[in-house]
Amino acid sequence: SIKAYTMIMENRHTLTIEYGEACVNVRVTGVTGVTMLLEREAQLTLVDGRLNVRGAGLTANKLDVEDGVFELKAERIAAVNYGGGKKGILKNFFK
């Protein structure tokens, strides 16, 4: 079964994490850029700060800076951390 979690942060951006049987899909809105994308970490610039996603097997599915949408697929998500005023909101959520 698929489980999905969505967080809306101050109506400026959203973070949706969908756990499927074979992978985890992450969708973020309010994205202005991608600072880094590696197999184990993605760093995004948002309209209101920064977002770091850590896990395993991270690959980008979509980046649309005009619409502010970034999507990635992962084998596993280990942590999601905010910077720029929201530091540590989801620090231990995925452990």
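Scroll up a little and you will see the structure.
Reading the values: rules and limits
- Residues numbered from 1 in each chain as written.
- Predicted model: local features only at pLDDT ≥ 70, side-chain atom pairs only at ≥ 80, totals over all residues.
- Heavy atoms only, no water.
- Helix = DSSP H or I, 4+ residues; strand = E, 2+ residues; numbered from the N terminus.
- Buried < 20%, exposed > 50% of the residue type's maximum accessible area, 1.4 Å probe, protein only.
- Areas by Shrake-Rupley, 256 points an atom, 1.4 Å probe, with all protein chains shown as cover.
- Core = buried A, V, L, I, M, F, W, Y, C linked by side-chain atoms within 4.5 Å.
- Salt bridge = Lys/Arg side-chain N within 4 Å of Asp/Glu carboxyl O.
- Pairing = 2+ DSSP bridges.
- Axes fitted to C-alpha atoms, helices over the stretch in contact; angles between N-to-C directions.

Visitor: Can you explain the overall build of the protein? Please cite residues and give values.
Guide: A tally of regular secondary structure across the protein gives 0 helices and 9 strands. In sequence order, the protein lays out its α and β elements as β-β-β-β-β-β-β-β-β. Of all 95 residues assigned to the protein, the portion counted as buried reaches 40%. Accessible surface for the protein amounts to roughly 5600 Å². Of this, 47% is attributable to carbon and sulfur atoms.

Visitor: Kindly report on the nonpolar core, identifying the contributing residues and their values.
Guide: Among the nonpolar cores identified, the biggest contains 19 residues, and L15, V26, V28 and L51 are the most heavily contacted of them. Mapped by element, the contributors of at least two residues to this core are β2 (13-19), β3 (24-29), β5 (41-46), β6 (49-56), β8 (69-74) and β9 (76-83).

Visitor: Report on the pattern of salt bridges, specifying residues and quantitative values.
Guide: The tally for this structure, following the rule as stated, stands at 2 salt bridges. Between E71 and R27 there is a salt bridge, with its nearest N and O atoms 3.1 Å apart. In this pair, E71 is assigned in strand β8 and R27 in strand β3, connecting sequence segments 44 residues apart. A relative accessible area of 23% places E71 in the partly exposed class. A relative accessible area of 35% places R27 in the partly exposed class. A salt bridge links E41 to R54, with the nearest nitrogen and oxygen atoms 4.0 Å apart. Of this pair, E41 sits in strand β5 while R54 sits in strand β6, and the two are 13 residues apart along the sequence. When its relative accessible area of 19% is taken as the criterion, E41 is described as buried.

Visitor: I'd like a description of the sheet that holds strand β1 (residues 3-9), backed by residues and values.
Guide: The antiparallel open sheet is built from 5 strands, whose spatial order is β1-β2-β3-β8-β7. The open sheet terminates on both sides in strands that have one partner only, identified here as β1 and β7 (59-64). Taken pair by pair, the neighbouring strands of this sheet meet at an average axis angle of 10 degrees, ignoring direction. Across 7 bridges, the pairing between β1 and β2 is antiparallel. Bridge pairing in β2 links Y5 to I17.

Visitor: Account for the sheet that holds β5, with residues named and values stated.
Guide: One open sheet holds the 4 strands; their spatial order is β4-β5-β6-β9, and the pairing between them is antiparallel. The outermost strands of the open sheet, each flanked by one partner alone, are β4 (31-37) and β9. Averaged over all pairs of adjacent strands, the angle between their axes in this sheet comes to 20 degrees, without regard to strand direction. Bridge count between β6 and β9: 7 bridges; the pairing is antiparallel. Paired with V53 across the bridge in β9 is V80.

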